[in-house]
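# Coordinate inspection notes
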Amino acid sequence: LEPLLEDLADSLDVPPSKYEDAKTHYGAVGQWLHGDGSVLAKYDPDVMPQGSFALGTAVRPVGDDHYDVDALCLLKRPPPGLTQELLKGMVGHRLKEHKTYERLLKPKEGGRRCWTLEYADGSQFHLDVCPAIPDDYSWLISQGVPPQYAKHAVCITDKTTWNQPSYWPRSNPIGYVVWFKDRMKV
């Protein structure tokens, strides 16, 4: 039974080469968003993985499906008065300035929360880039979340809440990754 279970686990596991492909692609997107001529550069954008690829828990897709790689585009120094709609538009505009990324965007107007790049270069994955800004994480501290996790809280974009100018949906994908890895040490 053990060899059978090992074979099954191997069939679900993501090959290290796919992790490297994902790292190469989201790294290139980060360089483009932060690069010369980018309106975003002065806000110090950082593109980093989130979700199953960041956790190391991604599984091989079934059939012809693609790997779903989630990334956060965090403006570390956002301008005052920035709105969700403006942030999402700034990231999308910069992606569209790149001939390859413009072609890979699906849909062209972006999704509800993120911009999706569907790669057709044999990588078998798409990259979801979610624009974000740092959040005032004191609300998490007040809920008992330890500072080492709370300090990573972010505000993300969501088209369904653009009509609420001062509201931003909150998330903490990086804090979750840090917490998860701390728990895995145990």
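Note that the structure is predicted; figures quoted are calculated from it, not measured. (Residues numbered from 1 in each chain as written. Predicted model: local features only at pLDDT ≥ 70, side-chain atom pairs only at ≥ 80, totals over all residues. Heavy atoms only, no water.)

What follows concerns the overall build of the chain. Of regular secondary structure, the chain possesses eight helices and six strands. For the chain, the succession of helices and strands along the chain, N to C, is α-α-β-α-β-α-α-β-β-α-α-β-β-α. Taking 186 residues into account, the globule formula puts the C-alpha radius of gyration at 16 Å, and the chain, at 18 Å, falls close to it. Expressed as a percentage of its 186 residues, the buried residues of the chain come to 41%. (Helix = DSSP H or I, 4+ residues; strand = E, 2+ residues; numbered from the N terminus. Rg over C-alpha atoms; globule rule 2.2 N^0.38 Å. Buried < 20%, exposed > 50% of the residue type's maximum accessible area, 1.4 Å probe, protein only.)

This paragraph deals with the pairing of strand S2 (residues 67-75). Of all nine residues in S2, eight are buried, a share of seventy percent or more. Across six bridges, strand S1 (residues 45-50) lies against S2 in antiparallel orientation. Looking across to S2, one finds that Asp-46 is bridged to Leu-74. In this structure, S2 lies alongside strand S4 (residues 125-134), joined through eight bridges in parallel fashion. Paired with Leu-74 across the two strands is Ala-132, which belongs to S4. (Pairing = 2+ DSSP bridges.)

Once that is clear, we can look at the pattern of salt bridges. Under the defined criterion, the tally for this structure stands at seven salt bridges. One salt bridge in this structure joins Asp-44 and Lys-76, with 3.4 Å as the shortest N-O distance. Taken together, the residues Asp-44 in the loop between helix H2 (16-34) and S1 and Lys-76 in the loop between S2 and helix H4 (84-96) connect sequence positions 32 residues apart. Given the relative accessible area of 19%, Asp-44 is considered buried. Residue Lys-76 is classed as partly exposed on the basis of its relative accessible area of 40%. For Arg-77, the salt bridge is made with Asp-44, and the minimal N-O distance between the two is 3.4 Å. Here Arg-77, found in the loop between S2 and H4, pairs with Asp-44, found in the loop between H2 and S1; they are 33 residues apart in sequence, far enough to count as distant. (Salt bridge = Lys/Arg side-chain N within 4 Å of Asp/Glu carboxyl O.)

Taken as a whole and judged by the stated rule, the model has five aromatic pairs. When the ring of Phe-53 is compared with that of Tyr-67, the centres are 6.2 Å apart and the planes differ by 85°; the resulting orientation is edge-to-face. Residue Phe-53 is located in helix H3 (residues 51-55), and its partner Tyr-67 is located in strand S2; the two are separated by 14 residues in the primary sequence. Take Phe-53 and Tyr-67: they sit in the same class, and that class is buried. If you follow Lys-88 out to its NZ or CZ, it ends over the ring of Trp-115, 4.8 Å from the centre. When the ring centre of Trp-32 is taken as reference, the NZ or CZ atom of Arg-94 above it lies at 3.6 Å. (Phe/Tyr/Trp six-rings, centres within 6.5 Å; stacked < 30°, edge-to-face > 60°. Lys NZ or Arg CZ within 6 Å of the ring centre and 35° of its normal.)

A few words now on the nonpolar core. The biggest cluster of nonpolar side chains holds 32 residues, and the ones touching the most others in it are Val-29, Leu-33, Val-91, Leu-95, Leu-117, Tyr-119 and Leu-127. Top element by residues in this core is S2. It accounts for five residues. Core analysis: the second largest hydrophobic core is formed by nine residues, Met-48, Leu-72, Cys-130 and Ile-174 among them. (Core = buried A, V, L, I, M, F, W, Y, C linked by side-chain atoms within 4.5 Å.)

For the rest of this paragraph, the subject is a positive patch on the surface. A contiguous patch of positive charge on the surface is contributed by Lys-96, Arg-103, Lys-106, Lys-108 and Lys-159. Position of Lys-106 among the secondary structure elements: in the loop between helix H5 (99-104) and strand S3 (115-118). Judged by relative accessible area, Lys-106 falls into the partly exposed class, the value being 38%. (Patch = residues over 30% accessible without salt bridge, like charges linked within 9 Å, V, L, I, M, F, W, Y side chains within 5 Å. Areas by Shrake-Rupley, 256 points an atom, 1.4 Å probe, with all protein chains shown as cover. Lys, Arg positive; Asp, Glu negative; His and termini not counted. Charge placed at Lys NZ, Arg CZ, Asp CG, Glu CD.)

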